[in-house]
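Here is what each chain is made of, one letter per residue.
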Amino acid sequence: MPVLVMKFGGTSVADLARVRNAAEKVKREVERGYDVIVVVSAMSGKTNELVGWVEQTSPLFDAREYDAVVSSGENVTAGLMALTLQEMDVPARSWQGWQVPLKTSSAHSAARIEAIPRANIDQKFAEGMKVAVVAGFQGISSEGRITTLGRGGSDTTAVAFAAAFDAVRCDIYTDVDGVYTTDPRIEDKARKLDRIAFEEMLELASLGAKVLQTRSVELAMRYKVKLRVLSSFEDTDENSGTLVCDEEDIVEQNVVSGVAYSRDEAKMTLISVADRPGIAAAIFGPLAKAGVNVDMIVQNISEEGRTDMTFSCPVNQVARAREAMNKTKDAGEVNFRELVADTDVAKVSVVGIGMRSHAGVASTMFDALAAEGINIRVITTSEIKISVLIDRKYMELAVQALHDAFGLENAA
Ligand code: ADP
Ligand code: ASP
Ligand code: MG
């Protein structure tokens, strides 16, 4: 039997009625002749609640126990989905990560999938089971501990299963009907894209468009998984939603395809560090070891052998970053006068593979922000994206101004 993977996000399984609605979509695919692997998220809000409990209990928590707690939301929805399908006379069974077993690295809270042995699930399919319901987001390390794949990780579970089971497609059902030129929740004029190239989706995801987890796009690209995003609240057919595909399969290409934002950024500046060879390594080595995901970096002009070093990281890693830097100061490895954290910043980015062959994207972007009186604090660029760090209060305005400036309301 051909295998189809269907993933339902948090809002799509937010209560029993929605689980039933999702199960009806699954049943329809079983009737079309597929063996289905359903991947479920926790009910919406659940993972946030669990993370909150962990942080209240232990601010610099042990990541093994964080995973033990936050993985549990998916256990509930997987069991409920299997029960709902059984009630509809669809033979279904649930699987937690360790039961598959979905094997991962030991990088707790950000584990990478290493292997998905097919034997257990294949055997059940051979015995007549029609649907394997898999708890998303979770796996098991070689030490036998439960791991999680990072926030939004159920998307990655789904794509990894699609690759392991040679699925005909991986359908990501969510609360919007596809991938848009920007988040439709903050820009009314956002347009749904029928297709988007893997590379653009990869950038948009890594720059904050949470509709797909970055790693899921990477895996789909590597294993040539046919990946689609569509609505769980509408009637859908094989043409619905947005197909994430190769660049060659897109007929009309825009210079800029989308605008992404990331609200929860922080800008940290080490004031007055020695401007000497090895200083960047001495700062960013310990930060990496402490698990701080440094994004943008600027070394400012130096005066009398001292300089300021600015970097950005997720706002919830500021405490870790501060601790790591104070340790290196105490150990005499890096001397600085002060560590200033600005936790009211956001990152806004424009993405498009057309930028490779078109000049002028940066100036259009900076003009649009200037026209709104928005000050740019840090800029970074790559071949197909430009990102700026700005005050968080201007984030939505910036997204809307850039959407307008690049004519995205007319995007195909
Ligand atoms: P799920 O719970 O189904 O995994 P998520 O909340 O993780 O859903 O992702 C879907 C959300 O992503 C949408 O509700 C939307 O607000 C947001 N989003 C951000 N950028 C985009 C975009 N470019 N296109 C579509 N949705 C986007
Ligand atoms: N429930 C997890 C989260 O909220 C995983 C997911 O939904 O993809 O991050
Ligand atoms: Mg998600």
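Bear in mind the structure is a predicted one, so any value in this text is a computation, not a measurement. (Residues numbered from 1 in each chain as written. Chains lettered and ligands numbered in written order. Predicted model: local features only at pLDDT ≥ 70, side-chain atom pairs only at ≥ 80, totals over all residues. Heavy atoms only, no water.)

**As for the overall build of the protein chain**
Looking only at helices and strands, the protein chain features 12 helices and 18 strands. Whereas a compact globule of 412 residues would reach a radius of gyration of roughly 22 Å, the protein chain reaches 23 Å, a difference of no more than 12%. For the C-alpha atoms alone, the extent of the protein chain along its principal axes is close to 75 × 50 × 35 Å. Buried positions account for 50% of the 412 residues belonging to the protein chain. A total of about 18400 Å² of accessible surface is found on the protein chain, and carbon and sulfur atoms cover 46% of it. (Helix = DSSP H or I, 4+ residues; strand = E, 2+ residues; numbered from the N terminus. Rg over C-alpha atoms; globule rule 2.2 N^0.38 Å. Buried < 20%, exposed > 50% of the residue type's maximum accessible area, 1.4 Å probe, protein only. Areas by Shrake-Rupley, 256 points an atom, 1.4 Å probe, with all protein chains shown as cover.)

**Some thoughts on the nonpolar core**
Core analysis: the largest hydrophobic core is formed by 66 residues, its most contacted members being I37, I121, F161, V348 and V350. Among the elements that line this core, the one with the most residues is helix α6 (residues 154–164), at 5 residues. Those residues within four positions of V350 in sequence are excluded, and the remaining contacts are V256, G258, V259, M355, V361, M365, I384, K385, I386, L402 and F406. Formed by 25 residues, the second largest nonpolar core is a distinct cluster that contains F8, Y34, V38 and A78. (Core = buried A, V, L, I, M, F, W, Y, C linked by side-chain atoms within 4.5 Å. Contact = heavy atoms within 4.5 Å.)

**Let's talk about helix α7 (residues 198–206)**
Among the residues making up α7, those that are buried are F198, E200, M201, E203, L204 and A205. Immediately beyond the C-terminal end of α7, within one or two residues, lies G208, with a positive phi of roughly 125 degrees.

**Notes on the sheet that holds strand β13 (residues 258–274)**
Hydrogen bonding along the main chain pairs the strands of a sheet, whether they run parallel or antiparallel. Here we have 6 strands laid out as an open sheet, ordered β14-β15-β13-β16-β18-β17, and antiparallel in their pairing. The outermost strands of the open sheet, each flanked by one partner alone, are β14 (297–299) and β17 (378–382). Geometrically, the sheet is characterised by an average inter-axis angle of 25 degrees between neighbouring strands, direction not taken into account. In this sheet, strand β18 (residues 385–391) lies alongside strand β16 (residues 338–351) in antiparallel orientation, the contact comprising 7 bridges. Bridge pairing in β18 links V345 to D391. Against the sheet, helix α12 (residues 395–405) contacts β13, β16 and β18, and its axis sits at roughly 120 degrees relative to β13. (Pairing = 2+ DSSP bridges. Axes fitted to C-alpha atoms, helices over the stretch in contact; angles between N-to-C directions.)

**Quick word on the site of ligand 1**
By nearness alone, 16 residues border ligand 1, and T174, D175, Y180, D183 and R185 come closest of all. One of the backbone N or O atoms of G10 is found 3.1 Å from an oxygen atom in ligand 1. Residue T174 places a side-chain N or O atom 2.7 Å away from an oxygen atom belonging to ligand 1. Computed on the free molecule, ligand 1 has an accessible area of 570 Å², of which 89% lies beneath the protein chains in the complex. (Near = heavy atom within 4 Å. Polar contact = N/O pair within 3.5 Å; in protein donor to acceptor, adjacent residues only side chain to side chain.)

**A word on the sheet that holds strand β2 (residues 35–40)**
One open sheet accounts for 8 strands, arranged β3-β6-β2-β1-β9-β11-β12-β10; its pairing is mixed. Each end of this open sheet is capped by a strand with a single partner; those strands are β3 (92–95) and β10 (195–197). Neighbour-to-neighbour, the strand axes of the sheet open up by a mean angle of 20 degrees, direction not taken into account. Note: strand β1 (residues 3–8) against β2, 6 bridges, orientation parallel. If you follow L4 over to β2, its bridge partner there is V36. Packing against the sheet, α6 makes contact with β1, β2, β6 (131–135), β9 (169–174) and β11 (227–231), and its axis sits at approximately 180 degrees to β1. Contacts from α7 reach β10 and β12 (242–245) within the one sheet, and its direction differs from that of β10 by about 80 degrees.

**Concerning unusual backbone geometry**
At the junction of V100 and P101, the peptide bond is cis and its omega measures out at -10 degrees in the coordinates. Take P101: it is sitting in the loop between β3 and β4 (103–104). Positive phi is not limited to glycine here, since D89 has a value of about 65 degrees. Among the secondary structure elements, D89 is positioned in the loop between α4 (72–87) and β3. D89 gets classed as exposed once you look at its relative accessible area, which sits at 71%. Unusually for a residue other than glycine, K224 sits at a positive phi of about 55 degrees. Looking at where K224 falls in the secondary structure, it is placed in the loop between α8 (214–223) and β11.

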